[in-house]
Amino acid sequence: MPNAAATSLSRRALLRAGGVALAASSVGGSGLAAPAGGLVEVELVARQRLQRILPEPAGPSPVVTYADRFPGPIIRLRQGQRLRATLVNELAEHTSVHWHGIRLSNAEDGVPFLTQPPTRPGERHVYEFTPPDAGSFFFHPHCNTVELLGRGLAGALVVEEADGPRFDADLVCMVKDWSLDKAGRFAAFTSDRGASRAGTFGTVATVNGLIDPVIDVPANGDVRARLYNVDNTRVIDLRVEGAGAGGGAWIIAVDGNPLPPRPLDGWPMGPAMRLDVVFRAPGEAGKTLRLTNVYAAEPRPLAVFRATGPALPNKRFAPRALPAARIPEPDLKTAKTIPMAFSSTAVAQVYETALLTALPYADALCLAEKTFWAINQKSWPEGGHERLPPPIATLDRGRSYVFELANLTPHLHPVHIHGYTFKVLSSDQRTVVPHHADTVLLEPKERLRVAIKADNPGDWMFHCHIIEHQETGMMGYIRVA
Ligand code: C2O
Ligand code: CU
């Protein structure tokens, strides 16, 4: 598909459509451009495919994707356009598609057993919704996620502002590690040791499924890069090194939500978190900038942005704010506070396989065999095996709530809510830059206050996005009724 696209689209159109630069065939990521009409239709065929991640002599890896290759597809909508996405399940297990970060109606949220019946092998499921907010979102399964996301089952959903600043290029950069052996086969996605601590780390760092790719950007152009952490486990802190003109790279949105531009200089991203950044490409063709992860003691190079083509005309580089999202404003004066404690379980509880298969609301595929983690002392799923566990909290529709997220562990937890966007208020450990996010990174022992206005009815998952933590207990749901 990228090759076909490359022959039929102009360079700029390709940049807009695929979001992955000139050499689409080498950088990957098929793009689906938004037509002018009101409805965009896509088909997501979940299936195992072969994709080369490691260089020869390793073989291609048996990835699982929604399109020809990871990351794919990149769905682009204009704000106000409606998406109709048909999941075609060609896997040997049931699945569903969760639309991460989108404030949609509960029935489209894609959580098997909670918001929809699982889509069985050979079945299809149609999702249809109009994303209310512009921004960089993504989608992934919500069951057996350690393995499926580990194998690459994720795509990007980009909702372009109806109006706002224009950029000379608009790229999607999906950062993900893969757990591969030397031959290119998948190694273990999880272990008790990893799951009960910081998680199991992959072995091969990539951007858009490529090791240290060269991503072409228009010389002297203003580049919007949508940086995604779609890893199961790793926390990253990105820099665009060498972006000199105009003073480096600037953050213009967090999880798709605009904020006043600020330098990209220390904004750690846990799994599922996104940053939109803008930087000026070098003026001279061939010159490069480096995308680096500086979170670890040893900075890791991830990709190179290379200036190509005749330099665009000189203009002043000044990152402009995107139009603000219209997220319902919580009323902090009347808000009710709900404590949410993120802890380990004192004793890991082992579920009997016989019991698991008897569960009407979940099955062995959606549950790990052990629990290591809990929210408010409850591990997902909690006792009472004949029904859905009760919600962690029941919220009155229309009322405002402050969640006091308390991390009682020595590990990081990216805490995610479905169907809502948090207004991030304050922390007992650091100065919080006011912003909105659907996933917030809780530091060890931190207490972080976030707020929502509970205007969206339904049962909404609330969980850690380190997938092994999520699947070993650090998950629950809130009910808004
Ligand atoms: Cu990306 Cu339930 O989350
Ligand atoms: Cu966690």
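Since this is a predicted model, take the numbers as computed values, not measurements.

Cut-offs and rules
- Each chain has its residues counted from 1, running along the sequence as written.
- The lettering of chains begins at A and the numbering of ligands begins at 1, in the order of writing.
- Since the coordinates come from a predicted model, pLDDT governs what is reported: local features require at least 70, and pairs of side-chain atoms require 80 or more to be given and counted, while whole-chain, interface and lining totals use all residues.
- In computing side-chain properties, one takes all heavy atoms of the structure into account and sets aside hydrogens as well as water.
- Here a helix means four or more residues in a row that DSSP labels H or I, a strand means two or more in a row labelled E, and each is numbered from the N terminus.
- When a residue's accessible area, from a 1.4 Å probe over protein chains only, is under 20% of the maximum for its type it is buried; when over 50% it is exposed; and in between it is partly exposed.
- Using a 1.4 Å probe, accessible areas were evaluated by the Shrake-Rupley method; residue-level cover was limited to the displayed protein chains.
- Definition used for salt bridges: Asp or Glu carboxyl oxygen within 4 Å of a side-chain nitrogen of Lys or Arg.
- Any nitrogen, oxygen or sulfur atom within 2.8 Å of a metal ion counts as a donor, with the limit raised to 3.2 Å for Na, K and Ca, and since water is left out, coordination shells can look unfinished.
- Here, a strand pair is defined by DSSP locating no fewer than two bridges between the strands.
- To define axes, lines are fitted to C-alpha atoms, for helices over the stretch in contact only, and angles between the resulting N-to-C directions are given on a 0 to 180 degree scale.
- Each residue carries a pLDDT score, the predictor's own confidence in it, on a scale running from 0 to 100.
- The contact criterion used is simple: two residues touch if any of their non-hydrogen atoms lie within 4.5 Å.
- In summary, the pairing rule links any two rings of Phe, Tyr or Trp, Trp by its six-membered ring, whose centres are within 6.5 Å, and it sorts them by plane angle into stacked for under 30 degrees, edge-to-face for over 60 and tilted for everything else.

Bringing the overall build of the protein into the picture now. Scanning the protein from terminus to terminus reveals seven helices and 30 strands. Counting the 481 residues in the protein, one finds 60% classified as buried. In the structure as shown, the protein presents an accessible area of about 18000 Å², 52% of it carried by carbon and sulfur atoms.

Moving on: the pattern of salt bridges. When charged atoms on two side chains of opposite charge get close, those side chains can pair. Tallying each qualifying case throughout the model produces 31 salt bridges. Two residues, Arg 290 and Asp 212, come together in a salt bridge whose shortest N-O distance is 3.2 Å. Remark: Asp 212 occurs in the loop between β11 (204-207) and β12 (214-218) and Arg 290 occurs in strand β18 (residues 288-293); sequence separation between them is 78 residues. On the accessibility criterion, Arg 290 (26% relative accessible area) is partly exposed. Here the salt bridges do not stand alone but share partners, grouping Arg 76, Arg 78, Glu 160, Glu 161, Asp 170, Arg 224, Arg 226 and Asp 276 into one network.

Looking at the metal site, the copper ion (ligand 2) is ligated by His 413 (ND1), Cys 464 (SG) and His 469 (ND1), spaced 2.0 to 2.1 Å from it. Residue classification places His 469 among the buried positions, given a relative accessible area of 0%.

Right, let's talk about the sheet that holds strand β2 (residues 39-51) for a bit. Pairing is mixed in the open sheet, where four strands are placed in the order β3-β2-β5-β7. Each having just a single partner strand, β3 (61-65) and β7 (124-129) make up the two edges of the open sheet. With strand direction ignored, the average angle separating the axes of adjacent strands in the sheet is 20°. Where β2 meets strand β5 (residues 82-89), eight bridges bridge the pair, whose relative direction is parallel. Bridge pairing in β5 links Ala 46 to Asn 89.

Per-residue confidence for the protein gives a mean pLDDT of 87; residues scoring 70 or more make up 85%. Between residues 1-31, whose pLDDT stays under 50, and residues either more than four places distant or in other chains, the model counts 71 contacts. The model gives residues 347-361 a pLDDT under 50, and that stretch makes 30 contacts with residues more than four places away or in other chains.

Under the definition given, this model contains 13 aromatic pairs. Seen from their ring centres, Trp 99 and Tyr 127 are 5.9 Å apart, and the 70° between their planes marks the pair as edge-to-face. One end of the pair, Trp 99, is in strand β6 (residues 98-100); the other, Tyr 127, is in strand β7, and 28 residues separate them in sequence. For Tyr 127, a relative accessible area of 0% corresponds to the buried category.

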